[in-house]
Amino acid sequence: MNKNRKLKENKIKGQIEETIVEETEIVGGGNVTEVTEITETTAEAVDITAAEAEAERNALAESIDEGDYLLKVEHLKKYFPLATDFFGRPTSFVRAVDDVTFGVKAGQTVGIVGESGCGKTTMGRTVLRLHSVTGGKVIFDGHDIGSMSASQLRKIRPQIQMIFQDPYSSLSPRLRVGDIIGEAVAEHGIVPKEQLKDYVLSIMNKCGLQTHYYERYPHEFSGGQRQRICIARALALKPKLVICDEPVSALDVSIQAQIINLLKSLQKNDGIAYIFISHDLSVVEHISDEVGVMYLGSMVEYGNKKDIFANPMHPYTQALFSAVPVPDPDVKNKRIILKGDIPSPANPPSGCKFHTRCNKCMEICKTETPVFKEYAPGHRVACHLYEQNNLSGITHE
């Protein structure tokens, strides 16, 4: 990554030097000094921006690394090969997750929001090591998940679980509920074999499932009941972290409330940490302690829930929040309509990835990647609308 950045900077500097020579030949000696000063200032700006970005990236990683976090995600990348050459070496990639950094503390919830295709689910699966890690680190409870062998990973699997989006396809139709919940419990030896049924029944009771459901099959249940089965299956392994991949998006509003309240109750009683991936901002606001906003594989804004919802700084975050309906017929939201579709992660735009759809786009947005900076305690934003070289305030409105 650093090598590529240096090559890019050297290329830019080379172009600047060529400009100086051309201007010298055309205008002669009279204006050489003036042109040289302008181009050298541009070169310095490139150096400052690159150095500032690198410093901020390192500072963020250090703050996560030194903090009291159960899960530390540092500069996580997940690229999928798109095309290969004659020898089978990848020549292009889909950048599904591109340099994402955040941390999750024990007993807390981090909400991840963004449009479909922005990399939320891929990020969650990569944290769980269902996808291999292309770059960066995923450190769980002091262990680097990305570098673990299969046998080492097996030992830590029970501590990180996932609740999948679709409760209809994530349950085996051939197994009874008791077997679905108890299968992994028996495999990992969570309880002695003779206590397995009683343990599964206690988990079912904790998740609001009646004991006579033990012998039933998934097709006999409603969507909300199936999602409770999925939650029971995850919690049966006594995890420290659960990744919830849109667990309520397929459910009715009344059932959503039941599932969210169940997750909060279990968190309060057992101290479980959640990564909660969702499209529904009202649900995220209700359950989360911190919120991250993703766009095209990258984190564009991250901070405390109250800060993010009270003062969304990134234009993309503002557009998302403007779409949330207000339950008051006399209040009209000023809706921000995003133009165009989300670009392809195989060929992301240069500069700020959001500039192709941003109604506040400036020329600098098209060429330079904004620094992911902290503008308030714990509140980070990647946007050229705000001062990039110091933390004093806003440069544009």
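Above this text sits the structure in question.
Residues numbered from 1 in each chain as written. Predicted model: local features only at pLDDT ≥ 70, side-chain atom pairs only at ≥ 80, totals over all residues. Heavy atoms only, no water.

A few words on the overall build of the protein chain. Within the protein chain one finds 11 helices and 12 strands. Per-residue burial for the protein chain yields a buried fraction of 45% across its 397 residues. In the protein chain, the proportion of contacts linking residues at least 24 apart, taken out of those at least 6 apart, comes to 61%. (Helix = DSSP H or I, 4+ residues; strand = E, 2+ residues; numbered from the N terminus. Buried < 20%, exposed > 50% of the residue type's maximum accessible area, 1.4 Å probe, protein only. Contact = heavy atoms within 4.5 Å.)

Turning next to the packing of aromatic side chains. Overall, the coordinates contain nine aromatic pairs when judged by the stated rule. On the numbers, 5.0 Å between centres and 80 degrees between planes, the contact of Y213 with F221 is edge-to-face. Of the two residues examined, Y213 and F221, each falls in the buried class. An aromatic cluster of at least three residues, connected via ring pairs, comprises Y295, Y316 and F354. Taking NZ or CZ as reference, R95 lies 5.5 Å from the ring centre of Y79, over its face. The ring of Y214 carries the charged tip of K197 above its face, separated from the ring centre by 5.0 Å. (Phe/Tyr/Trp six-rings, centres within 6.5 Å; stacked < 30°, edge-to-face > 60°. Lys NZ or Arg CZ within 6 Å of the ring centre and 35° of its normal.)

Let's shift gears to the sheet that holds strand β6 (residues 160-163). Pairing is mixed across the open sheet formed by eight strands, whose spatial order is β6-β7-β8-β3-β9-β10-β12-β11. A single partner strand is all that each edge strand has here, and the edge strands are β6 and β11 (372-376). On average, each strand axis in the sheet is inclined to that of its neighbour by 20 degrees, with strand direction left out of account. One ladder, built from five bridges, connects strand β7 (residues 241-245) with strand β8 (residues 273-277); its direction is parallel. Its bridge partner lying in β8, C244 is registered against F276. Each of β3 (109-113), β6, β7 and β8 is contacted by helix α8 (residues 253-270), which is oriented at about 155 degrees to β8, the strand it contacts most. (Pairing = 2+ DSSP bridges. Axes fitted to C-alpha atoms, helices over the stretch in contact; angles between N-to-C directions.)

To continue, consider the pairing of strand β4 (residues 135-140). Moving residue by residue along a regular strand, the side chains alternate between the two faces of the sheet. Pairing between strand β1 (residues 71-84) and β4: five bridges, direction antiparallel. The residue bridging L71 from the neighbouring strand is F140, located in β4. Strand direction decides the pairing type here: β4 and strand β5 (residues 143-144), joined by two bridges, are antiparallel. Across the sheet, F140 pairs through a bridge with H143, a residue of β5. Hairpin connection from β4 to β5: two residues lie between these consecutive antiparallel strands, with D141 at a positive phi of about 50 degrees.

With that settled, the discussion passes to the sheet that holds β1. Within the open sheet, the four strands sit side by side as β2-β1-β4-β5. Their pairing is antiparallel. Whereas interior strands pair on both sides, the edge strands pair on one side only; in this sheet they are β2 (90-104) and β5. Lying on the sheet, helix α3 (residues 120-127) is in contact with β1, β2 and β4; it crosses β1 at an angle near 110 degrees.

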